[in-house]
Amino acid sequence: MSDLLALALALFAGALLGTFFFGGLWWTVQKGVVSERPALWFLGSLLLRTGLILAGFYLAAQGHWSRLVACLLGFLVARIIVVRRLTHTPAEEQTPLEEETSIAPYTR
């Protein structure tokens, strides 16, 4: 397999792993906040997601640091996409208070 194809596959694998990880995190939060045992949801999900992601990185890298970097890059790109898709609220669905505060600068 050529190096370029291997890197592309590692990038794609990282994107799939990132989608699974951050989509699973969103799903866990949705289930955990209404559960009678939220700690069990969060801990179980953390262990499952982390274990699968580490195994996926190991398999995608196959001992090559460049594939690991490509996989991590795909993972981070997936994070950006998942976060934007799950937190985006169209302007017509915003409440008047949200519209007013959405342009305010963030200060501490």
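Look above for the structure.
Residues numbered from 1 in each chain as written. Predicted model: local features only at pLDDT ≥ 70, side-chain atom pairs only at ≥ 80, totals over all residues. Heavy atoms only, no water.

## Brief notes about the side chain of threonine 28
Then comes step 1: Considering the arrangement of structural elements, one finds threonine 28 in helix 1 (residues 3–32).
Then comes step 2: For threonine 28, a relative accessible area of 1% corresponds to the buried category.
Then comes step 3: Not counting chain neighbours up to four residues away, the residues in contact with threonine 28 comprise Trp41, Phe42, Ser45 and Arg49. (Helix = DSSP H or I, 4+ residues; strand = E, 2+ residues; numbered from the N terminus. Buried < 20%, exposed > 50% of the residue type's maximum accessible area, 1.4 Å probe, protein only. Contact = heavy atoms within 4.5 Å.)

## Let's talk about the environment of leucine 52
Then comes step 1: Here leucine 52 lies in helix 2 (residues 38–61).
Then comes step 2: When the C-alpha atoms of leucine 52 and phenylalanine 20 are compared, they prove to be 9.3 Å apart, with 32 residues separating the residues in sequence.
Then comes step 3: For leucine 52, the contacting residues outside a window of four places in its chain are Leu17 and Phe20.

## Things to note about helix 3 (residues 65–87)
Then comes step 1: In this model helix 3 runs 33 Å from its N-terminal to its C-terminal C-alpha over 23 residues, within 8% of the 33 Å that 1.5 Å per residue would give.
Then comes step 2: Taken together, the buried positions of helix 3 are Arg67, Ala70, Cys71, Gly74, Phe75, Ala78 and Val82.
Then comes step 3: Elements that come into contact with the buried residues of helix 3 comprise helix 1 and helix 2. (Expected span 1.5 Å × (residues − 1).)

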